[in-house]
Amino acid sequence: MNSKSFDARGAPKNHAPCPPFMRTFAIGDIHGCQTALQVLDEQLNFGTDDVIVTLGDYVDRGPDTCGVIDHLLGLSKRATLVPLRGNHES
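Trainee: Would you mind going over the overall build of the chain with me for this structure?
Mentor: Scanning the chain for helices and strands turns up 2 helices and 3 strands. Helices and strands appear in the chain in the N-to-C order β-α-β-α-β. When burial is assessed residue by residue, the chain has 32% of its 90 residues classed as buried. When contacts within the chain are restricted to residue pairs at least 6 apart in sequence, long-range pairs at least 24 apart make up 75% of them.

Pasting the structure below:
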């Protein structure tokens, strides 16, 4: 298959009817790095059909813990977010 077989989100073009295309992502150890999370979101263009599993460690060490939490809250309104608690969240 070539890249022309897929749309901008990576879903197959001209494919037989099937349930909506869903992508699943796992993101771990964000550690307050809001800028990196934002870039990842922009590059992957998370949307309503996506499932994003965050593997904890949202806070601690990074420069923008509040920004990470705010971003994840916003993300939960436009995708399915499955937040797991890490060892830095108690």
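Trainee: I'm lost on the sheet that holds strand E1 (residues 24-27) in this one. Help?
Mentor: The strands making up a sheet are joined through hydrogen bonds of the backbone, oriented either antiparallel or parallel. The strand order across the open sheet formed by 3 strands is E1-E2-E3, and the pairing between neighbours is parallel. Across the chains shown, the open sheet's two edge strands, defined by having one partner strand only, are E1 and strand E3 (80-83). Taken pair by pair, the neighbouring strands of this sheet meet at an average axis angle of 15°, ignoring direction. Bridging between strand E2 (residues 51-54) and E3 involves 4 bridges; their strand directions are parallel. Among the inter-strand pairings, Val51 is bridged to a residue of E3, identified as Thr80.

Trainee: Looking at this structure, I do not really get helix H2 (residues 65-75). What am I missing?
Mentor: Every α-helix winds through 3.6 residues per turn, so residues three or four apart in the chain are directed the same way. When we look at burial in H2, the residues that qualify are Gly67, Val68, His71, Leu72 and Leu75. Relative to the axis of H2, the buried residues are bounded by an arc of 130° and lie together on one face. Relative to its buried face, H2 has exposed residues pointing more than 90 degrees away, namely Cys66 and Asp70. Along its buried surface, H2 packs onto helix H1 (34-44), E2 and E3.

Trainee: Got a minute to help me understand the packing of H1 against H2 in this structure?
Mentor: As a packed pair, H1 and H2 sit with axes 9 Å apart at the nearest point and diverge in direction by 25°. Taken together, the axes of H1 and H2 lie roughly parallel to each other. As for the relative orientation of H1 and H2, their crossing is left-handed in sense. Contact residues: H1 offers Gln34, Leu37, Gln38 and Asp41, while H2 offers Gly67, Val68, His71, Leu72 and Leu75.

The rules behind each value
- Residues numbered from 1 in each chain as written.
- Predicted model: local features only at pLDDT ≥ 70, side-chain atom pairs only at ≥ 80, totals over all residues.
- Heavy atoms only, no water.
- Helix = DSSP H or I, 4+ residues; strand = E, 2+ residues; numbered from the N terminus.
- Buried < 20%, exposed > 50% of the residue type's maximum accessible area, 1.4 Å probe, protein only.
- Contact = heavy atoms within 4.5 Å.
- Pairing = 2+ DSSP bridges.
- Axes fitted to C-alpha atoms, helices over the stretch in contact; angles between N-to-C directions.
- Arc of directions from axis to C-beta.
- Parallel < 35°, antiparallel > 145°, perpendicular 65-115°, else oblique.
- Left-handed = near helix turned anticlockwise from the far one by under 90°.

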